[in-house]
Amino acid sequence: ATIPNIRKMFLAMSRDIRVVIIKLADRVHNMRTLKFMPEEKQRYKARETLEIYAPLAHRLGIRAFKEELEDLSFHYLDPYAYSEIENILENKREERAAFIEIIKSRIAQRFKSEEFSEPPQIDGRVKSIYGIYKKIFLHHKNIDEIYDKYAVRIIVTTIAECYNVLGLIHDMFRPLPNRFKDYISTPKSNMYQSLHTTVLGSEGIPFEVQIRTWDMHETAEYGIAAH
């Protein structure tokens, strides 16, 4: 039944993209309640989600849907690997939270001496479980080699401020070579725009910094739905 459903969805998409956004939202809801389904159905739905719906959310730039769909699918398809990574992350939860808070507060302190049209927003996050799994099991990396396990996101008002913030970050922390990407001047195919740089904190822990405007942030989180 999957192929006819996909065919219908793409036909609908060519007429009205909102149909696909509703289908994705429906799939997120289905995956959140998948625990009430029989095990065979869980695995079938999870595989279908990972192979079709999560990539579609990614293609449309809806990061919030993409990451949740991937994590939920992964939870049912490989519960052992999921819990392994969850345990690695859980073991260091307080340490991770403290690290992100220290970085955020250092950046905020530095920003006090700079002129901004509005105060920047500084957020911190840890990479999704499926994102870490892909790096460890598919790219054969040790968890300590994953440079974007930690990420700090800085949201400002203008594009000029994005580049200004990039200079400040590189002045505060040591940038890692070949880890800078300018998706503002060259957006991704799904309309995603941001500056990405990976830097080394004084603790010797690498972390990624994403810098974008509020408009870019809307598009990054909700993709085509933001429009």
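All figures in this text were calculated on a predicted structure; none of them were measured in a lab. (Residues numbered from 1 in each chain as written. Predicted model: local features only at pLDDT ≥ 70, side-chain atom pairs only at ≥ 80, totals over all residues. Heavy atoms only, no water.)

A closer look at the overall build of the protein
So, point 1. Looking only at helices and strands, one finds nine helices and six strands in the protein.
So, point 2. Within the protein, buried positions represent 45% of all 227 residues.
So, point 3. Long-range pairs, those at least 24 residues apart, make up 66% of the contacts in the protein between residues at least 6 apart in sequence.
So, point 4. Accessible surface for the protein amounts to roughly 12600 Å². Of this, 53% is attributable to carbon and sulfur atoms. (Helix = DSSP H or I, 4+ residues; strand = E, 2+ residues; numbered from the N terminus. Buried < 20%, exposed > 50% of the residue type's maximum accessible area, 1.4 Å probe, protein only. Contact = heavy atoms within 4.5 Å. Areas by Shrake-Rupley, 256 points an atom, 1.4 Å probe, with all protein chains shown as cover.)

What about helix H7 (residues 129-138)?
So, point 1. Among the 10 residues in H7, seven count as buried, and that is most of the element.
So, point 2. Among the residues of H7, those classed as buried are Ile-129, Tyr-130, Gly-131, Ile-132, Tyr-133, Lys-135 and Ile-136.
So, point 3. Looking one or two residues past H7, His-140 carries a phi angle of roughly 55°, positive in sign.

As for helix H6 (residues 93-111)
Each full turn of the α-helix corresponds to 3.6 residues, which orients residues three or four apart in the same direction.
So, point 1. Taking 1.5 Å of rise per residue, 19 residues should cover 27 Å, and H6 covers 27 Å from first to last C-alpha, within 8% of that figure.
So, point 2. Of all the positions in H6, only Arg-96, Phe-99, Ile-100, Ile-103, Lys-104, Ile-107 and Phe-111 are classed as buried. Looking straight down H6, one finds its buried side chains confined to an arc of 125°; they lie on one side. Turned more than 90 degrees off the buried face of H6, the exposed positions are Glu-94 and Gln-109. (Expected span 1.5 Å × (residues − 1). Arc of directions from axis to C-beta.)

Examining the nonpolar core
So, point 1. In this structure, Ile-107, Phe-111, Ile-154, Val-165, Ile-169, Phe-173 and Phe-207 are the most contacted members of the largest nonpolar core, which totals 25 residues.
So, point 2. Sort the elements by how many residues they give to this core and helix H8 (residues 159-172) lands first, with six residues.
So, point 3. Sequence-distant contacts of Phe-173, that is, excluding residues within four places in its chain, are made with Ile-103, Arg-106, Ile-107, Val-199, Leu-200, Gly-201 and Phe-207. (Core = buried A, V, L, I, M, F, W, Y, C linked by side-chain atoms within 4.5 Å.)

Here's the deal with the packing of aromatic side chains
So, point 1. With the rule as written, the count across this model stands at nine aromatic pairs.
So, point 2. When the ring of Phe-173 is compared with that of Phe-207, the centres are 5.2 Å apart and the planes differ by 85°; the resulting orientation is edge-to-face. On the criterion of sequence distance, the pair formed by Phe-173 in the loop between H8 and strand S3 (174-175) and Phe-207 in strand S6 (residues 206-213) is long-range, its members being 34 residues apart.
So, point 3. The structure contains a cluster of three or more aromatic residues connected by ring pairs, namely Phe-74, Tyr-82, Tyr-130 and Tyr-133.
So, point 4. One cation-aromatic arrangement involves Lys-188 over Tyr-183; the distance from NZ or CZ to the ring centre is 4.8 Å. (Phe/Tyr/Trp six-rings, centres within 6.5 Å; stacked < 30°, edge-to-face > 60°. Lys NZ or Arg CZ within 6 Å of the ring centre and 35° of its normal.)

Here's the deal with the pattern of salt bridges
So, point 1. Under the defined criterion, the tally for this structure stands at nine salt bridges.
So, point 2. In this structure, Glu-67 engages Arg-125 in a salt bridge whose closest nitrogen and oxygen atoms are separated by 3.9 Å. With Glu-67 in helix H4 (residues 63-77) and Arg-125 in strand S1 (residues 121-126), this pair connects stretches of sequence that are 58 residues apart.
So, point 3. On the basis of relative accessible area, Glu-67 is assigned to the buried category, the value being 17%.
So, point 4. Classification of Arg-125 by relative accessible area gives partly exposed; the value is 23%. (Salt bridge = Lys/Arg side-chain N within 4 Å of Asp/Glu carboxyl O.)

Let's talk about the environment of Ile-102
So, point 1. On the secondary structure map, Ile-102 appears in helix H6.
So, point 2. Of the residues examined, Ile-102 reaches a relative accessible area of 41% and is grouped as partly exposed.
So, point 3. Separated by 99 residues in sequence, Ile-102 and Gly-201 have C-alpha atoms that sit 10.0 Å apart.

Focus: the environment of Pro-55
So, point 1. Looking at where Pro-55 falls in the secondary structure, it is placed in helix H3 (residues 39-59).
So, point 2. The sequence separation of Pro-55 and Lys-66 amounts to 11 residues, and the corresponding C-alpha distance is 7.1 Å.
So, point 3. Contact partners of Pro-55, with chain neighbours within four places excluded, come to Thr-49 and Leu-50.

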